[in-house]
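# Structural overview
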Amino acid sequence: MNAESRLPEKPGSKSVPGRSPLPRRRLRPALAALVLVASVVVAVVALGGGGESDRPSGASASDAQSAAPPADPALLALARRESGDPYAVGKPDAPVVLIEYSDFQCPFCGRFARETKPELLRDYVEKGVLRIEWRHFPVFGAESEQAARASWAAGRQGRFWQFHDTAYAQPRERNKGDFAEKALLKMAGEAGIEDLDRFRADMASPAADAAVTRDIEEGYALGVSSTPAFLVNDRPILGAQPTDVFAEAIEAAESAAEARAQGGTDE
């Protein structure tokens, strides 16, 4: 199977059959929130601070520290909270959901996976506070898209996170064959995927395209253009920020969720 692009390249692409596009009216607060984050970028860059994110060649940097807009139901509703979702880890009813839009060829996504995610798993997911939901967001061409489809195929056999950890275990060269089919099959074996014929068929299936396209269109509708990008409940975070930034956001979101549950306000 050749690594060729079969997915949306820009906002405004066709919706996945059988699924309505996200309404523009509901997304305006989300876009406003991300504009607020973008406004922080200038100050962060000027001060030489902030985390790191990755985007396609020719696009400007969007590394930013997080901003905390008022609670937004449209953003909170993006958490799927599906029981048994192989692309999520943590309790479906956890008070905080971190949605991650990532590309397997993004080095800063790899840094998050290797350095920050293990701490979040230990400190928040295992304690029932946090749920992490993955969104496929390939932005670096055909190999990124093929890796996304492969990770979806891994999830079909209950091995998404093992494949995720294998793919991110070490830095890899972008669009140099590290995510060609032969390499992906090797990763699948290392991730404990037993039925490689099924894995190959799933990776090439229209269902893989539909699943990845669904996530891409969700990200585009939010204004995501670089990776990694995150939502912690309704709070956007861009780039490979220090773990403390995520910890603060998770704890603030937990407090806000508790206030809402008690009929109070977090504003």
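Here we summarise the structure given alongside this text.

## Overview of the overall build of the protein chain
Across its full length, the protein chain carries nine helices and five strands. Mapped in sequence order, the helices and strands of the protein chain form the string α-α-β-β-α-β-α-α-α-α-α-β-β-α. For the protein chain, the residues scored as buried account for 51% of the 267 residues in total. Within the protein chain, residue pairs in contact and separated by at least 24 positions form 79% of the contacts whose partners lie at least 6 positions apart. Carbon and sulfur atoms make up 50% of the accessible area of the protein chain, which amounts to about 12,300 Å² in all.

## Things to note about the pairing of strand 5 (residues 235–238)
In the case of a regular strand, side chains alternate between the two sheet surfaces. Along strand 5, one buried face is formed by Arg235 and Ile237 and the opposite face, lined by Pro236 and Leu238, is buried too. Sheet topology note: the strand 4 (residues 229–232)/strand 5 ladder contains four bridges and is antiparallel. Within strand 5, the residue paired with Phe230 across the bridge is Ile237. Turn length for the strand 4-strand 5 hairpin, with the two strands adjacent in sequence and antiparallel, is two residues, and the turn residue Asn233 shows positive phi of about 55 degrees.

## Brief notes about the pairing of strand 3 (residues 130–136)
In terms of burial, strand 3 is largely enclosed, as seven of its seven residues are buried. Side chains Leu130, Ile132, Trp134 and His136 of strand 3 all project onto a buried face; the interleaved residues Arg131, Glu133 and Arg135 project onto the opposite face, where all are buried too. Where strand 1 (residues 88–89) and strand 3 come together, two bridges link them in antiparallel fashion. Paired with Val89 across the strands is Ile132, a residue of strand 3. Looking at chain direction, strand 2 (residues 96–102) and strand 3 are connected through seven bridges and run parallel. In the strand pairing of strand 3, Glu100 is matched with Trp134.

## A few points about the nonpolar core
By size, the foremost hydrophobic cluster in this structure holds 65 residues, and its most contacted members are Leu130, Phe163 and Phe199. By residue number, the principal contributor to this core is helix 3 (residues 107–125), which donates seven residues. Beyond its immediate sequence surroundings of up to four residues, Leu130 is in contact with Val89, Gly90, Ala94, Val96, Val97, Leu98, Leu120, Tyr124, Val125 and Ile250.

## Side note on helix 4 (residues 142–156)
Between its first and last C-alpha atoms helix 4 spans 21 Å; for 15 residues at 1.5 Å apiece the expected length is 21 Å, and the two agree. Counting buried positions along helix 4 yields 13 of 15 residues, so the element is predominantly enclosed. Of the residues one or two after helix 4, Gly158 is the one with positive phi, at around 70 degrees.

## Digging into the sheet that holds strand 2
If you walk across this open sheet you meet the five strands as 1-3-2-4-5, and the pairing is mixed. In this open sheet, the two edge strands, each paired with only one partner strand, are strand 1 and strand 5. Examined bridge by bridge, strand 2 and strand 4 share four bridges and lie antiparallel to one another. Residue pairing across strands places Glu100 opposite Phe230, the latter belonging to strand 4. Here helix 8 (residues 206–222) sits on the sheet and contacts strand 2, strand 3 and strand 4; the angle it forms with strand 3, its principal contact strand, is near 105 degrees.

## A few points about the pattern of salt bridges
Per the counting criterion, the structure on display carries twelve salt bridges. Between Asp215 and Arg80 there is a salt bridge; the shortest N-O distance is 2.8 Å. With Asp215 in helix 8 and Arg80 in the loop between helix 2 (73–76) and strand 1, this pair connects stretches of sequence that are 135 residues apart. Considered together, Asp215 and Arg80 belong to a single accessibility category, that of buried residues. Across the salt bridge formed by Arg135 and Glu133, the nearest N and O atoms sit 3.0 Å from each other. The pair Arg135 / Glu133 is uniform in exposure class, with both members buried.

What counts, and at which threshold
- Position numbers for residues count from 1 along each chain, tracking the sequence in the order it is written.
- In keeping with the model being predicted, local features are shown solely for residues with a pLDDT of at least 70 and side-chain atom pairs are shown and tallied solely at 80 or more, while totals for entire chains, interfaces and linings include all residues.
- Computation of side-chain values: all heavy atoms of the structure, hydrogens and water removed.
- Comment: elements are numbered from the N terminus, with helices defined as DSSP H or I runs of at least four residues and strands as E runs of at least two.
- Throughout this description, buried means an accessible area under 20% of the type-specific maximum (1.4 Å probe, protein chains only), exposed means over 50%, and partly exposed covers the range between.
- Whether two residues are in contact is decided by their heavy atoms, any of which lying within 4.5 Å being enough.
- The protein chains shown are the only cover counted for residues, whose accessible areas, like all others here, come from Shrake-Rupley with a 1.4 Å probe.
- When DSSP finds two or more bridges between a pair of strands, those strands are recorded as paired.
- Here, the term nonpolar core denotes a set of buried Ala, Val, Leu, Ile, Met, Phe, Trp, Tyr and Cys residues that are joined through side-chain atoms within 4.5 Å.
- Take the number of residues in a helix, subtract one, and multiply by 1.5 Å to get its expected span.
- Every axis in this analysis is a line fitted to C-alpha atoms, fitted for helices over the stretch in contact. Angles between the N-to-C directions lie between 0 and 180 degrees.
- By convention in these notes, a salt bridge is any Lys or Arg side-chain nitrogen within 4 Å of a carboxyl oxygen on Asp or Glu.

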